[in-house]
Amino acid sequence: MEYAIGCDVGGTFVKMGVVLADGAVTARDMVPLPPLTSPGYLASWLAGALTAFQEKNAPDGTPPKGVGIGIPGPVRFPDGTLFDPPNLPFSGEIPLGKLLRGLLPVPVTIDNDATVQTIGEAWVGQGKGVKNFIYLALGTGIGGGIVTDGAITRGALGMAGEIGHLTIDWHGRPCRCGSRGCLETYASINGIANSLREMGPSLPADIRESLENGAWSGLPGLLKERLDQGETRWQKVWDIFADALGAGMGSLINLFNPEKIIISGGLSYHSPLFLSRAVETSRRYCFRRPAASCDIVTSRLKDNAGIIGAARMAFLSTGNTP
Ligand SMILES: [Zn+2]
């Protein structure tokens, strides 16, 4: 049976899946990423984890068509070189593709995690059959992907699609990328933390503690709980989020005239708190006609998009068509 292995490398966990030629995921595993001491160690650890996963889950004991990997940070495609990955403890040019090709007996394709998720959406998700769409993964930061005329947009170095760093306010909040006013300083978990900090010293103890400990991933849940209890003042945080997201989507609609914008990532589970306002806002920041023909929807693949898209790259091996 023909299959590929899709691998989605996150900041703390690595997800792997067996994906068949129709996009079905027949086995899945998630393992914690160990402390990484060097690029060589990352490559050998990944090769070991992928080999163990394959030996346990391969249909009929056959080798896969290939291995596809999505990883955070700028990746040059198709050779799979990483440049200063912000979530890994080393910098500079990391030839992960070359290292892994020396360790695994099957073809290896590597690209940026959001690009890979976009390919997954295009294959079997909300982007299926859609020639022009934008993918937005709202999490700690924002991952982005652009499909134009049926092909993923990678740019000259393969680094296009950094929608999280679209400038929303050029005098705005400082961003970890060194710029200012980027979309993700408002419409992400980092953005929620920024908005809460700006609310000043009157924050309740649990929210203040989460902010100070860096446990920001719990903040959206804490805000939702308080809103459910009738504390309406916390809606302001989601309104700032929604307005920034809406302004960003307005620019994207004007730039790319997409048929769809697909909202994914952990924060998409909270879409009832921000999406309708974001859609309304987006209409004020773009031309009426392309806005009217753009559907803004949430992903149905959830956190399988990365595994599925990575496997799709492995099936195609060139990866240029989603
Ligand atoms: Zn930025």
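Criteria and cut-off values
- Residues numbered from 1 in each chain as written.
- Predicted model: local features only at pLDDT ≥ 70, side-chain atom pairs only at ≥ 80, totals over all residues.
- Helix = DSSP H or I, 4+ residues; strand = E, 2+ residues; numbered from the N terminus.
- Rg over C-alpha atoms; globule rule 2.2 N^0.38 Å.
- Buried ≥ 20, exposed ≤ 12 C-beta atoms within 10 Å, placed from the backbone.
- Contact = placed C-beta atoms within 7 Å.
- Domains from an automatic or database assignment.
- Pairing = 2+ DSSP bridges.
- Arc of directions from axis to C-beta.
- Axes fitted to C-alpha atoms, helices over the stretch in contact; angles between N-to-C directions.
- Parallel < 35°, antiparallel > 145°, perpendicular 65-115°, else oblique.
- Nonpolar A, V, L, I, M, F, W, Y, C, P; charged D, E, K, R; others polar.
- Core = buried A, V, L, I, M, F, W, Y, C linked by C-beta atoms within 7 Å.

Engineer: Pulling in residues and values, what's your account of the overall build of the protein chain?
Structural biologist: Per the secondary structure count, the protein chain includes 10 helices and 13 strands. Relative to its length of 322 residues, the protein chain is compact, with a C-alpha radius of gyration of 20 Å against a globular reference of 20 Å. Across the 322 residues that make up the protein chain, the buried fraction comes to 45%. Across the protein chain, the fraction of contacts at a sequence separation of at least 24, relative to all contacts at a separation of at least 6, is 67%.

Engineer: Mind laying out the domain arrangement of the protein chain, listing which residues take part and the relevant values?
Structural biologist: Here the protein chain is described as being made up of domain 1 (3-120 + 304-316) and domain 2 (130-299). Counting from both sides, the interface comprises 11 residues of domain 1 and, opposite them, 14 residues of domain 2. Considering each element in turn, the side of domain 1 that touches domain 2 owes the most residues, 6 residues, to helix H3 (residues 113-124).

Engineer: A description of the sheet that holds strand S6 (residues 81-83) should follow, citing residues and the corresponding values.
Structural biologist: Overall, antiparallel pairing links the 3 strands, which are arranged S5-S6-S7 in an open sheet. With one partner strand each, in any of the chains shown, strand S5 (75-76) and strand S7 (93-94) form the two edges of the open sheet. Inspection of the sheet shows S5 paired to S6 by 2 bridges, in the antiparallel sense. Paired with valine 75 across the strands is leucine 82, a residue of S6.

Engineer: Provide a residue-level description of helix H8 (residues 275-284), including the pertinent values.
Structural biologist: Burial in H8 covers these residues: Ala278, Thr281 and Ser282. Summarising the axial view, the buried residues of H8 lie within an arc of 105°, below the 170-degree limit, and thus occupy one face. Looking at H8, the residues exposed on the side facing more than 90 degrees away from the buried face are Ser276, Glu280 and Arg284.

Engineer: Tell me what's going on with the pairing of strand S8 (residues 108-112), and back it up with residues and numbers.
Structural biologist: Counted residue by residue, S8 has 5 buried out of 5 residues, so it is predominantly covered. Bridge analysis of strand S4 (residues 67-71) against S8 gives 5 bridges, and the strand direction is parallel. Counted as the bridge partner of glycine 70 is aspartate 111 from S8.

Engineer: Mind laying out the packing of H3 against helix H10 (residues 305-316), listing which residues take part and the relevant values?
Structural biologist: Where H3 contacts H10, the two axes come as close as 7 Å, and the packing angle between them is 85°. One way to sum up the angle between H3 and H10 is to call them roughly perpendicular. On H10, the residues touching Asp113, Val116, Gln117, Thr118, Ile119, Gly120, Glu121, Trp123 and Val124 of H3 are Ala305, Gly306, Ile308, Gly309, Ala310, Arg312 and Met313. Within the contact of H3 with H10, the residues separate by chemical class into 8 nonpolar, 5 polar and 3 charged.

Engineer: Outline unusual backbone geometry, listing residues and values.
Structural biologist: Outside of glycine, negative phi angles account for most residues, and trans bonds account for most peptide bonds. Here the residue pair phenylalanine 77 and proline 78 is connected by a cis peptide bond, since its omega of 10° sits within 30 degrees of zero. Tracing the chain through its elements places proline 78 in the loop between S5 and S6. Residue aspartate 149 is not a glycine yet carries a positive backbone phi of 50°. When you line up the elements, aspartate 149 lands in the loop between strand S10 (142-148) and strand S11 (151-152). According to the C-beta neighbour criterion, aspartate 149 is exposed, with 7 such atoms within 10 Å.

Engineer: How would you explain the environment of lysine 98 if you had to name every residue and give the values?
Structural biologist: For lysine 98, the position within the fold is in helix H2 (residues 96-101). When the C-alpha atoms of lysine 98 and glycine 80 are compared, they prove to be 7.3 Å apart, with 18 residues separating the residues in sequence.

Engineer: Would you mind going over the nonpolar core in detail, with residue names and values included?
Structural biologist: Ile5, Cys7, Leu136, Phe241, Ile261 and Ala311 are the most contacted members of the largest nonpolar core, which totals 84 residues. For this core, the element with the most residues is helix H7 (residues 235-256), which contributes 10 residues. What cysteine 7 contacts, discounting residues up to four positions off in sequence, is Val14, Met16, Leu50, Val67, Gly68, Ile69 and Ala310.

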